[in-house]
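# Analysis of the macromolecular model
Letter by letter, the chains look like this.
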Amino acid sequence: MPTVFPYQPDWVRPAVATKRIFSSTSVSGATKARTKTETKRSFELKFSARDKTEFDAALAFHAARYPSPTFIYRDETVSPSVDIECRFTSDFSYVANMYNDYDYSFTCIEI
């Protein structure tokens, strides 16, 4: 069972529903396409003004699981919360702010 990411992101959680497709256009101009995967949600999770303890733990969590194995993102914007199995799709970006707090972010896609 994958591990649950232990922190909740900021309330604004941009997401994109996407699927992998292949398309081609012939010389006559006709387009053909096919779907390679089912639609998946991709999340850009941002965490603002977090303390050093959380920052260090989140960085270690990402380092241990990027690019695999998978983890659980528990979406608490809905009630009851929903567990989504994901994998990281980006580096761990962060900014060190004054007073020893951090802003960090990453993207992940559901499996």
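Structural data are supplied above this passage.
Rules used throughout
Residues numbered from 1 in each chain as written. Predicted model: local features only at pLDDT ≥ 70, side-chain atom pairs only at ≥ 80, totals over all residues. Heavy atoms only, no water. Helix = DSSP H or I, 4+ residues; strand = E, 2+ residues; numbered from the N terminus. Buried < 20%, exposed > 50% of the residue type's maximum accessible area, 1.4 Å probe, protein only. Contact = heavy atoms within 4.5 Å. Phe/Tyr/Trp six-rings, centres within 6.5 Å; stacked < 30°, edge-to-face > 60°. Lys NZ or Arg CZ within 6 Å of the ring centre and 35° of its normal. Polar contact = N/O pair within 3.5 Å; in protein donor to acceptor, adjacent residues only side chain to side chain.

Okay, the environment of Thr35 next. For Thr35, the position within the fold is in strand 4 (residues 31-35). Using a relative accessible area of 44% as the deciding quantity, one classes Thr35 as partly exposed. Taking the C-alpha atoms as reference, Thr35 lies 30 Å from Val78; in sequence the two are 43 residues apart. Discounting residues that sit within four places of it in the chain, Thr35 has contacts with Lys19, Arg20 and Ile21.

Turning next to the packing of aromatic side chains. One pass over the full model with this rule turns up 18 aromatic pairs. Taken together, the aromatic side chains of Phe5, Tyr7, Phe47, Phe55, Phe61, Phe71, Phe88, Phe92, Tyr94, Tyr102, Tyr104 and Phe106 make up a single cluster linked through ring pairs. The ring of Phe61 has Arg65 lying over it, and the distance from NZ or CZ to the ring centre is 3.8 Å.

By the element assignment, Glu110 lies in strand 9 (residues 101-110). Here Glu110 falls in the buried class, since its relative accessible area comes to 17%. Within the local environment of Glu110, its side chain forms a polar contact with the backbone nitrogen of Arg41, the two atoms lying 2.9 Å apart. Those residues within four positions of Glu110 in sequence are excluded, and the remaining contacts are Thr39, Lys40, Arg41, Ile84, Glu85 and Cys86.

As a further point, take the environment of Lys32. Among the structural elements, Lys32 can be located in strand 4. Of the residues examined, Lys32 reaches a relative accessible area of 62% and is grouped as exposed. A sequence separation of ten residues divides Lys32 from Phe22, and the C-alpha atoms of the two residues are 8.4 Å apart. Those residues in contact with Lys32 that lie beyond four places of it in its chain are Phe22, Ser23 and Ser24.

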